[in-house]
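# Structural description and commentary
Take a look at the letters that make up each chain.
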Amino acid sequence: MLAVMADPTAEDPTSQPNELCCECGQFHLLLDNHLYNFQDEVDDELICHICLQPLLQPMDTPCGHTYCFKCLENFMQEYNFCPMDRKKLSFQQCHKSSLLVRNLLDKLVVLCPFKADCQQTMQRCELEAHLQNRCPGFKKYKSELQRKKNPISKGKEDPPTKAETTPPKDPEVPSGGSSLVAESSAAAVVSLGTAEPGLVNPAFEETEEADLPQRTSLVAETTTIEIHREDPEEELGMRIVGGKDTPLGNIVVQEVLRDSVIAADGRIAPGDHILEVNGVNISSVTHCQAVSFLRHPGPVLHLMVLQEKGFSNKTAQQDSSSTNREVIHVTLIKRERSEPLGIKLIRKTDEAGIFILDLLEGGLAAKNGKLSRNDRVLSINGQDLRQGTPEAAAQIIQTSDSRVNFVVLRQPGMQLSDPVEDGSTSNSSSSSSSSNGGSPVHHRRRPDQNHYRRKSNYQKDLPQGYASHEKTVAIKKEPKESLGITIGGGRDNKNKLPIYVTSVQPIGCLFRDGRIKRGDVLLSINGIDLTHLNYYEAVSALKSNAASHSVTLKALEIVSLNSTELSLDIKEQGFSWSPLWISWLGLPSYLHCCQDIVLSKGNLESWGFSIVGGFEESKGNQPFFIKTIVPGTPAFRDRKLKCGDEIVAVNGVPAIGMSNSELIPMLKEQRNKVTLTVVSWPGSLV
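These numbers come from a predicted model, not from an experiment.

### With respect to the overall build of the protein chain
When helices and strands are counted, the protein chain shows 14 helices and 33 strands. Looking at the protein chain as a whole, 51% of its 686 residues are labelled buried. Partitioning the intrachain contacts of the protein chain with sequence separation of at least 6 by distance along the chain shows that 67% fall at a separation of at least 24. Accessible surface for the protein chain amounts to roughly 31,900 Å². Of this, 50% is attributable to carbon and sulfur atoms.

### Here we look at the environment of Arg 229
Topologically, Arg 229 is positioned in the loop between β7 (218–228) and β8 (238–242). As a C-alpha pair, Arg 229 and Val 261 span 32 residues in sequence and 7.2 Å in three-dimensional space. Excluding anything up to four places from it in sequence, Arg 229 contacts Glu 234, Glu 235, Leu 236, Val 261, His 296, Pro 297, Gly 298 and Pro 299.

### Section: the packing of aromatic side chains
Throughout the structure, instances matching the rule amount to 12 aromatic pairs. Measuring from ring centre to ring centre gives 6.2 Å for Phe 138 and Tyr 141, while their planes differ by 25°; the resulting arrangement is stacked. Here Phe 138 pairs with Tyr 141, and both are found in helix α4 (residues 136–149), just 3 residues apart, close to one helical turn. Side by side, Phe 138 and Tyr 141 carry an identical accessibility label, which is buried. Three or more aromatic residues joined by ring pairs make a cluster, and in this case those are Phe 75, Tyr 79 and Phe 81. We note Lys 601 situated over the ring of Trp 607; from NZ or CZ to the ring centre the distance is 5.1 Å.

### Brief notes about the pattern of salt bridges
Within the structure shown, the criterion is met by 15 salt bridges. The salt bridge involving Asp 117 is made with Lys 140; its shortest N-O contact spans 3.9 Å. Placement of the pair is Asp 117 in the loop between β5 (109–111) and β6 (121–123) and Lys 140 in helix α4, with a sequence separation of 23 residues. Given the relative accessible area of 35%, Asp 117 is considered partly exposed. Residue classification places Lys 140 among the partly exposed positions, given a relative accessible area of 45%. Here the salt bridges share partners, and the residues they tie into one network are Lys 471, Lys 517, Asp 520 and Glu 557.

### Regarding the nonpolar core
For soluble globular proteins, nonpolar side chains are generally found buried alongside one another. The biggest cluster of nonpolar side chains holds 71 residues, and the ones touching the most others in it are Met 238, Ile 274, Leu 303 and Phe 609. Look past the residues within four positions of Met 238 in its chain and what remains in contact with it is Val 253, Glu 255, Val 256, Ile 262, Ile 268, Ile 274, Leu 294, Leu 303, Ser 684, Leu 685 and Val 686. Residues Tyr 36, Tyr 67, Leu 89 and Cys 94 belong to the second largest nonpolar core, which totals 39 residues.

### So, the sheet that holds strand β4 (residues 95–96)
Here we have 3 strands laid out as an open sheet, ordered β3-β2-β4, and antiparallel in their pairing. Edge positions in the open sheet fall to β3 (66–68) and β4, since each of these has one partner strand only. Relative to β3, strand β2 (residues 58–60) runs antiparallel, the two sharing 3 bridges. Among the inter-strand pairings, Pro 58 is bridged to a residue of β3, identified as Cys 68. Lying on the sheet, helix α1 (residues 69–76) is in contact with β2 and β3; it crosses β3 at an angle near 95°.

### Some points on α1
All buried positions along α1 are accounted for by Cys 71, Leu 72, Phe 75 and Met 76. The arc enclosing the buried residues of α1, seen along the axis, measures out at 120°, which places them on a common side.

### Quick notes on the confidence of the model for the protein chain
Any segment with low pLDDT has predicted coordinates that should not be analysed in fine detail. Averaged over the protein chain, the pLDDT score is 75; the fraction of residues at 70 or greater is 76%. Counting contacts from residues 152–215, a segment whose pLDDT is below 50, to residues more than four positions away or on other chains yields 162 contacts. With pLDDT under 50 throughout, residues 414–448 is counted as low confidence; its partners more than four residues away or in other chains account for 90 contacts.

### Notes on the environment of Ile 262
Its location among the elements puts Ile 262 in helix α5 (residues 261–265). According to the relative accessible area criterion, Ile 262 is buried, its value standing at 0%. Considered as a pair, Ile 262 and Met 238 are 24 residues apart in the sequence and their alpha carbons are 6.9 Å apart. Sequence-distant contacts of Ile 262, that is, excluding residues within four places in its chain, are made with Ile 227, Leu 236, Gly 237, Met 238, Val 256 and Ile 268.

### Side note on a negative patch on the surface
There is a patch of like negative charges on the surface, built from Glu 230, Asp 231, Glu 233 and Glu 234. With respect to the element layout, Glu 233 can be found in the loop between β7 and β8.

### Focus on the pairing of strand β27 (residues 593–600)
Across 3 bridges, strand β20 (residues 451–453) lies against β27 in antiparallel orientation. Looking across to β27, one finds that Arg 453 is bridged to Cys 593. In this sheet, strand β32 (residues 673–679) lies alongside β27 in antiparallel orientation, the contact comprising 6 bridges. Among the inter-strand pairings, Asp 596 is bridged to a residue of β32, identified as Thr 677.

### Digging into the sheet that holds β5
In space, the 3 strands of this open sheet follow the order β1-β5-β6, with antiparallel pairing throughout. Lying at the two open borders of the sheet, with one neighbouring strand each, are β1 (37–38) and β6.

### Considering the side chain of Glu 557
Following the sequence through the fold, Glu 557 ends up in strand β26 (residues 550–560). Using a relative accessible area of 19% as the deciding quantity, one classes Glu 557 as buried. Within the local environment of Glu 557, its side chain forms a polar contact with the side chain of Lys 471, the two groups lying 3.2 Å apart.

### Focus: unusual backbone geometry
Backbone geometry at Asn 278 places phi at a positive 50°, although glycine is not the residue there. With respect to the helices, strands and loops of the structure, Asn 278 is situated in the loop between β10 (273–277) and β11 (280–281). One non-glycine residue, Asn 526, lies in positive phi territory at about 50°. Residue placement: Asn 526 occurs in the loop between β24 (521–525) and β25 (528–529). Overall, the relative accessible area of 30% leaves Asn 526 in the partly exposed class.

### Regarding helix α9 (residues 390–398)
Counting buried residues along α9, 7 of its 9 residues qualify, which places the element largely inside the surrounding structure. For α9, every residue scored as buried is listed here: Pro 390, Glu 391, Ala 393, Ala 394, Gln 395, Ile 396 and Ile 397.

### Focus: the side chain of Ser 659
Along the polypeptide, Ser 659 turns up in the loop between β31 (653–654) and α14 (660–669). Relative accessible area serves as the criterion here: at 15%, Ser 659 is assigned to the buried category.

Parameters at a glance
- Residues numbered from 1 in each chain as written.
- Predicted model: local features only at pLDDT ≥ 70, side-chain atom pairs only at ≥ 80, totals over all residues.
- Heavy atoms only, no water.
- Helix = DSSP H or I, 4+ residues; strand = E, 2+ residues; numbered from the N terminus.
- Buried < 20%, exposed > 50% of the residue type's maximum accessible area, 1.4 Å probe, protein only.
- Contact = heavy atoms within 4.5 Å.
- Areas by Shrake-Rupley, 256 points an atom, 1.4 Å probe, with all protein chains shown as cover.
- Phe/Tyr/Trp six-rings, centres within 6.5 Å; stacked < 30°, edge-to-face > 60°.
- Lys NZ or Arg CZ within 6 Å of the ring centre and 35° of its normal.
- Salt bridge = Lys/Arg side-chain N within 4 Å of Asp/Glu carboxyl O.
- Core = buried A, V, L, I, M, F, W, Y, C linked by side-chain atoms within 4.5 Å.
- Pairing = 2+ DSSP bridges.
- Axes fitted to C-alpha atoms, helices over the stretch in contact; angles between N-to-C directions.
- Arc of directions from axis to C-beta.
- pLDDT = per-residue confidence, 0-100.
- Patch = residues over 30% accessible without salt bridge, like charges linked within 9 Å, V, L, I, M, F, W, Y side chains within 5 Å.
- Lys, Arg positive; Asp, Glu negative; His and termini not counted.
- Charge placed at Lys NZ, Arg CZ, Asp CG, Glu CD.
- Polar contact = N/O pair within 3.5 Å; in protein donor to acceptor, adjacent residues only side chain to side chain.

Spelled out as structure tokens, the structure:
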């Protein structure tokens, strides 16, 4: 990610030192890293993946990752694993990076933080000497500070200088509960745990320069979630991707199905990494093993998940838009725990957070009369929802006993436009949830028109460990005899899948023949191409040709060379069968259906996704996959990109054969708009 630092700004008086740091010229706590304003973009290879800033006193781990000394030291005081790959780690095993790396970092060009009085640039290692000996701005600051410490007269104190001005804070909750604004240092940190699971406490640091981005930190948390099932064999209702036998490594939630056990619980979301199942570490198991663990029946399931909550950043531009808004506190009293509030919540694509879409007539909130449409929900019962989801808000409301305390932000005169259905051009909403105790309600999306077969210059060889075997099955049969198969997929499917066999019934000529198996992709029947048909067209073609005395089927069998797990019957407990996500990775390119996803962002934003894969000497060519989508970012708001999607091309340039270090700079070069060509496979259902 691009590391861009802001001008020095004042912190909350309870958490800031009285003077600027004499080494970097910015405010930060004594134990935190120094802060710098870098002139140019810093290569990702020189970024610490804890604080997301250029490395300071870099330390190497035995597993090949590099972090700032202070970041790693603080992290290891609470955890015993590497933040990147979660391998077991102790601080004593780490060592200083090479002199070459340290010299490269020291030579990064920085701007003088006192740019109002000094426009000098220099290498990072030279900044301290510049401040102490040559900088007019720092000299002016020290003079002002000395004058205030030893005033000549007892008269009215001079107004503070720019460097000392305390900027306006984001609205806070002035109650005994937890503040919406966390007090932390100006140095960015990744929080992997907070006082309450699901609570985000970002540090907001305002600047007076509207054109500069804020210092950002990626907030992530590990949370233990207990899932209860009335029927021990009921499916959880989520799709997963990843595994140690794929470039993704970890097991990642791709989708949560509506009206499922997981959706009703409301705490697990797409993008969450599943680390443990009932105390068993699954962060380094194969995809099939993870599916088996998650499909294991039982009334209670204990999951440990890593949840990324987004960047704790705030731009001056965003803050200026809230200057005319007011913070309103509203308490609703439920007569009983299950009483609905009658509030519909929604997430917008152009602004982070959740908003009130509507108040149901006759409902508790409507009768109270203090909440309004388009109010932005800042917190419910003290839990920060500024980067939250409707699902999370509904969960808090449903688990509240009697009092439900809202803190909302309101801009006078603003009303939310009505939600729109298919065919509308409005983009004001993406998903909504009702506080009536039901599951989240997702608005229908306009069907995508930009899917197409993978172009020849986008095609690739099968990944290592896979082979596909095309077979032709010609059989003689009675005209009224059934083929005896059921099918799934079709190009009308949301993932635009080819037609595949979901079962071979004991009654029918194909069962007797034995060559067509569950999971086979059907290519043609009696010369009729099935690969471009939707589900109903394929059913019709199969039925009409089954009436013949002879049938010739062409099918494709996907084979895993490294494991027999793909062909094993994992216990299904009533699951409607479909191929595992990992099996689709072995499908030949000419059967893939691509989609172009266009993302747009502001100058101060990150695209908001991370990638894995690409060419490696030891593994050869691997596909690029989306591993992480960060809440509150352009990729998250667009909602089309999913974890586990394969990146085929960037702005029409094929990604085949590229290494990770080649593709990342290409993505960084795209300033405000990028077109990603992706192939999306449905995750394995658990």
